[in-house]
Amino acid sequence: MQDAAAAPRGEPPCLVVDPDGFRTVFGALGAGVCVLEASGAVVLCNPAAERLLGFRAGSLPGRVLKEAAEADRAPVDLRSAGWGPLLEALHTGRPVRREAEVFPRADGTPLRVTWTCTPLRRGPRVDGAVVVFQEVTARKDARARQEAQLAHAEDVNAALVWLAGVSMALVSAADAEEGLERLARLLVPRLADRAVLDLAAEPGWVRRVACADRGRATGRESVRCGGLQRFPVSSGEPLGRVLRGSATRTLTGAAAGPGAAAGLVVPLRLRGRTYGAMSLTRADPGRPFSREEVDLAEDVALRAALTLENIRLYDEQAHIAAILQRSMLTDLPPVTGLELAARYRPAYRSAEIGGDWYDAFPLPDGPLALAVGDVAGHDLQAATRMGALRNMLRALAVDHAEPPGSTLRRLDAAMGHLDVADSATAVYGHLRRAGGGWRFEWSSAGHPPPVLIHPGGATAVLHDGHGILLGVAPDTRRPTATVPLPPGVTLLLYTDGLVESRLQSLDAGLDRLCREAGILADRPPADLCASLVDAMGFPDDDVTVIAARVPADG
């Protein structure tokens with residue numbers, strides 16, 4: 001410790017303070033800090049104290065604050081202001097805090113401060129005090145800055161929560177139009193009084209898919225938004241410019257549109273592709289769009305464009321997958337005395353290629369071979385294995401005349417030897433003429449059972465001829481069952497996507513299939529297949545149905 005600056009009148013100092021330590025601790029502090037002797041003389045002070053009180057740097061230590069003010073230019077009515085409570089605190093040794101107290105600066109101008117005085121004791125004796133004071137205006141400014149920062153943080157947090165809701169609304173929608181309708185409802189009134197979402201059609205045309213007005217109808221029923229429509233757009237108007245590649249357009253006055261004082265036209269654009277535009281307007285002239293709000297709108301538009309891009313890519317892949325899948329399915333042959341029909345539907349909005357297949361082909365000794373199956377997996381490899389398995393079955397069936405169960409046994413052995421597939425299910429059978437009708441001989445390898453649909457709606461599930469799935473025990477003998485098909489009867493083969501899912505057991509699905517098939521019994525086979533797939537097929541799996549009907553006239 002070092003001796004403090006000398007007190008006035010040659011008195012020895014009462015306090016011993018380390019100036020270097022004081023400067024290290026308090027030098028950069030924004031509040032004024034003074035160490036006073038019991039007499040009121042300044043031992044040490046930081047730069048903020050001299051700056052606030054109006055003294056030159058280094059001129060305040062060694063002086064008594066009250067005398068310094070009285071000796072300079074302070075008016076008489078200010079010379080005693082504020083000093084009384086401070087000196088009383090030094091005299092009594094009690095801590096004191098005052099709000100908005102007035103002190104004179106060195107130039108005589110008043111200074112309103114909030115101050116605290118903490119006495120320094122040595123036993124019962126008061127040696128001095130530490131005084132900390134802060135200008136009221138600066139304190140209010142600091143508090144205002146803190147409140148502004150807190151409000152800004154709350155606004156940012158609210159915007160992030162809202163944006164998360166926007167993303168969820170977009171990604172959880174069934175299609176693009178539903179997602180944009182949800183977005184329009186979220187934009188009003190959070191960001192605008194009116195929101196319109198347009199998608200680009202062919203060059204120069206747009207399709208209005210969603211809109212919302214504050215306090216009015218929303219979405220497809222919105223007459224106030226002009227309803228959903230397709231219309232041309234001039235390249236000179238803001239919407240047309242944005243669709244042709246322009247950045248966000250900020251509009252004011254008449255340019256914002258009828259009844260609007262401010263507007264934004266924001267592109268729905270990603271990776272150079274413009275999907276459409278988001279138009280926002282406000283009616284209040286006192287509420288122009290701020291820079292932060294423009295940024296927020298562009299963030300929303302980017303999320304919408306990303307959703308549209310994902311939907312486009314997903315739909316393109318699903319379309320390609322469906323075309324490839326259908327190209328691997330069989331064209332049904334014409335058969336005298338039978339009506340054949342089939343229906344395949346890929347998994348809903350799935351870009352995967354399924355392993356479902358069906359087949360119908362004539363055998364050398366006269367019967368018609370009929371098959372349906374499902375190879376495990378939903379990828380290109382599964383589709384490839386499905387094609388290989390179907391072709392192997394064709395070759396084995398044509399090569400040797402035998403019961404369907406024997407053919408499936410040979411298929412199982414060949415499948416394991418050639419490593420065609422890990423596992424698969426199938427129903428394979430022969431349709432033969434028998435008297436005035438037909439006969440069906442079949443064997444099932446772990447596949448859902450065939451169903452007979454009689455004229456008038458009666459149904460029967462064919463549980464006979466059932467064996468384990470392919471790929472498990474190649475040497476297992478497989479049974480063959482037989483059932484007559486009188487005139488008017490329809491034989492139905494299908495894959496598990498029609499009757500079974502995570503939410504429905506096979507037994508429940510078969511009961512439902514029999515009810516639906518009974519209702520549709522008199523429909524033509526093509527309509528029957530299409531109606532069953534539409535009514536019963538589960539969206540997360542592909543579905544195959546093939547029907548063979550013996551005409552009522554035989």
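Counting starts from 1 at the beginning of each chain's written sequence and moves along it residue by residue. Local features in this predicted model are restricted to residues whose pLDDT is 70 or higher, and side-chain atom pairs enter the listing and the counts only when it is 80 or higher, whereas totals over whole chains, interfaces and linings include all residues. Side-chain metrics rest on all non-hydrogen atoms present in the structure, leaving aside hydrogens and water.

Quick question: what am I supposed to make of the overall build of the chain here?
We count a stretch as a helix when DSSP gives it H or I for four or more residues in a row; a strand needs E for two or more, and each element gets its number in order from the N terminus. Within the chain, the regular secondary structure consists of 13 helices and 22 strands. For the chain, buried positions account for 48% of its 554 residues. Residue pairs at least 24 apart in sequence account for 59% of intrachain contacts in the chain once pairs closer than 6 positions are excluded. Where accessible areas are quoted, they stem from the Shrake-Rupley method and a 1.4 Å probe; at the residue level, only the protein chains shown are allowed to cover. Accessible area of the chain: about 26,500 Å², with a carbon and sulfur share of 54%. Only protein chains enter the area calculation, which uses a 1.4 Å probe; residues under 20% of their type maximum are buried, those over 50% are exposed, and those in between are partly exposed. The contact definition used throughout considers only heavy atoms, calling two residues in contact when any of these lie within 4.5 Å.

In this structure, what is going on with the layout of surface pockets? I would like to understand it.
Take a probe with the size of a water molecule and roll it over the atoms, and the empty space left behind shows itself. A cavity here means a set of 1 Å grid points, computed over protein atoms only, where a 1.4 Å probe fits but cannot escape. A pocket is an open set with protein on both sides within 12 Å along at least 5 of 7 lines, and lining residues have an atom within 4 Å of a point. Grid points are joined across faces, edges and corners, and a volume is the space filled by probe spheres set on the points. Considering only enclosed or pocket space, the largest pocket measures out at about 620 Å³ in volume. As for the largest pocket, its lining consists of 31 residues, and the residues nearest its centre are Arg 194, Ala 256, Gly 257, Pro 258 and Thr 281. Of all the elements in the fold, those that place two or more residues in the lining of the largest pocket are strand E6 (194-200), strand E7 (205-213), strand E8 (230-232), helix H8 (238-243), strand E10 (262-270) and strand E11 (273-282). Gly falls in the polar group here, along with every residue not listed as nonpolar (Ala, Val, Leu, Ile, Met, Phe, Trp, Tyr, Cys, Pro) or charged (Asp, Glu, Lys, Arg). Among the residues making up the lining of the largest pocket, the classes are represented as 16 nonpolar, five polar and ten charged. Taken as a whole, the second largest pocket holds about 300 Å³ of empty space.

I tried to follow the confidence of the model for the chain on my own but got confused; where do I start?
Detailed reading of predicted coordinates is not advised where the pLDDT is low. Values of pLDDT, which run from 0 to 100, indicate the predictor's confidence residue by residue. Predicted confidence across the chain gives a mean pLDDT of 83, with 86% of residues reaching 70 or more. Counted against residues more than four places away or in other chains, residues 71-80, with its pLDDT under 50, gives 19 contacts. A low-confidence stretch, residues 217-227 (pLDDT under 50), is modelled with 21 contacts involving residues beyond four sequence positions or located in other chains.

Got a minute to help me understand helix H12 (residues 506-519) in this structure?
Since the α-helix advances by 3.6 residues per turn, residues separated by three or four positions end up pointing in the same direction. A helix is expected to reach a length of 1.5 Å times the quantity of its residues less one. Relative to the 20 Å expected for 14 residues at 1.5 Å per residue, H12 spans 20 Å between its end C-alpha atoms, a close match to the ideal helical length. Within H12 the residues assigned to the buried category are Gly 509, Leu 510, Leu 513, Cys 514, Ala 517 and Gly 518. One face of H12 carries all of its buried residues, which in axial projection span an arc of 165 degrees. Within H12, the exposed residues directed more than 90 degrees away from the buried face are Arg 515 and Ile 519. What the arc measures is the spread of directions leading from the helix axis to the C-beta atoms.

Please explain the pairing of strand E21 (residues 490-494) as it appears in this structure.
If a strand is regular, its side chains alternate between the two faces of the sheet. Summarising burial for E21: five of the five residues are buried, a large majority. Of the two faces of E21, both are covered, the one formed by Thr 490, Leu 492 and Tyr 494 as well as the one formed by Leu 491 and Leu 493. Relative to E21, strand E17 (residues 451-453) runs antiparallel, the two being bridged by three bridges. Looking across to E21, one finds that Ile 453 is bridged to Thr 490. At least two bridges found by DSSP between two strands are what make those strands a pair.

When you look at the sheet that holds E21 in this model, what are you seeing that I'm missing?
In a beta sheet, neighbouring strands are held together by backbone hydrogen bonds and run either parallel or antiparallel to one another. Spatial ordering of the open sheet is given by E12-E22-E21-E17-E18, a layout of five strands whose pairing is antiparallel. Edge strands, defined here as strands with exactly one partner in the open sheet, are strand E12 (339-345) and strand E18 (459-461). Strand after strand, the sheet turns through a mean of 15 degrees between neighbouring axes, direction not considered. Pairing of E17 with E18, which is carried by three bridges, proceeds in the antiparallel orientation. Within the sheet, the bridge partner assigned to Leu 452 lies in E18 and is Ala 460. Between the N-to-C directions of two axes lies an angle of 0 to 180 degrees, each axis being a line fitted to C-alpha atoms and, for a helix, fitted only over the stretch in contact. Along the sheet, H12 makes contact with E17, E18 and E21, crossing E18 at roughly 150 degrees. Each of E12, E17, E21 and strand E22 (543-549) touches helix H13 (residues 525-536); the most contacted strand, E12, lies at about 25 degrees to it.

Looking at this structure, how should I read the nonpolar core?
Nonpolar side chains in soluble globular proteins tend to end up buried together. Grouped together as the largest cluster of nonpolar side chains are 47 residues, with contacts concentrated most on Trp 357, Leu 370, Leu 411, Tyr 428, Leu 431, Leu 485 and Leu 491. Excluding residues within four positions of it along the chain, Leu 491 makes contact with Leu 370, Leu 431, Phe 440, Pro 450, Val 451, Leu 452, Leu 462, Leu 485, Ile 546, Ala 547 and Ala 548. Joining through side-chain atoms within 4.5 Å is the link that ties buried Ala, Val, Leu, Ile, Met, Phe, Trp, Tyr and Cys residues into a set, and such a set is a nonpolar core. If you look at the next biggest cluster of nonpolar residues, it comprises 37 residues, including Leu 268, Ala 297, Val 300 and Ala 304.

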